[in-house]
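Each chain is listed here by its residues.
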Amino acid sequence: MADQGVRWSLFLYPGLCLSAGPLLSALYARGRAGRAVALLALGATLAYGALVWLVQIRDYYHI
């Protein structure tokens, strides 16, 4: 059974991604510290997305 949160994420993610791209690009251009922050933020986002994806697959298959 899907909850209301699923609909909100589908609505908000495109706007979040369209605004995060230029922000990460601007941070990446600001030297080594900015590059590190941008890569850490991107890595944390990808890791969280992979974790949520795996949890959803686990719950779907009832493992």
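Residues numbered from 1 in each chain as written. Predicted model: local features only at pLDDT ≥ 70, side-chain atom pairs only at ≥ 80, totals over all residues. Heavy atoms only, no water.

1. Here's the deal with the overall build of the protein
The condition that has to hold: Only DSSP runs of H or I covering at least 4 residues are called helices, and only runs of E covering at least 2 are called strands; the numbering of each starts at the N terminus. Residue burial is assigned from relative accessible area. The probe radius is 1.4 Å, only protein chains are included, and a residue is buried under 20% of its type maximum, exposed over 50%, and partly exposed in between. Method for areas: the Shrake-Rupley scheme with a 1.4 Å probe, in which residue coverage is limited to the protein chains shown.
Along the backbone of the protein there are two helices and zero strands. Split into buried and exposed, the 63 residues of the protein put 3% on the buried side. With the model as given, the accessible surface of the protein reaches about 5700 Å², and the carbon-plus-sulfur share is 72%.

2. Examining helix α2 (residues 31-61)
Inclusion rule: By this rule, a helix spans an expected 1.5 Å times one less than how many residues it contains.
Given a rise of 1.5 Å per residue, 31 residues ought to cover 45 Å, and the 45 Å separating the end C-alpha atoms of α2 matches this to within 8%. Directly beyond the C-terminal end of α2, a positive phi value near 55 degrees is found at H62.

3. Some remarks on the environment of L27
The condition is simple: Contact between two residues is taken to exist if any of their heavy atoms lie within 4.5 Å; hydrogens are not considered.
Structurally, the position occupied by L27 is in helix α1 (residues 4-28). Overall, the relative accessible area of 26% leaves L27 in the partly exposed class. Sequence separation between L27 and L39 is 12 residues, and the spatial gap between their C-alpha atoms is 9.3 Å. Contacts of L27, omitting those with residues within four sequence positions, involve G34, R35, V37 and A38.

4. Considerations on a nonpolar patch on the surface
Short version of the rule: Every patch collects residues that have over 30% relative accessible area and no salt bridge, joining them within 9 Å if they carry like charges and within 5 Å if they are nonpolar side chains (Val, Leu, Ile, Met, Phe, Trp, Tyr). Basic side-chain nitrogens of Lys or Arg form a salt bridge, by our definition, when they fall within 4 Å of a carboxyl oxygen of Asp or Glu.
On the surface, a cluster of nonpolar side chains totalling about 360 Å² of accessible area is made up of Y48, L51, V52 and V55. Relative to the elements of secondary structure, V55 occurs in helix α2.

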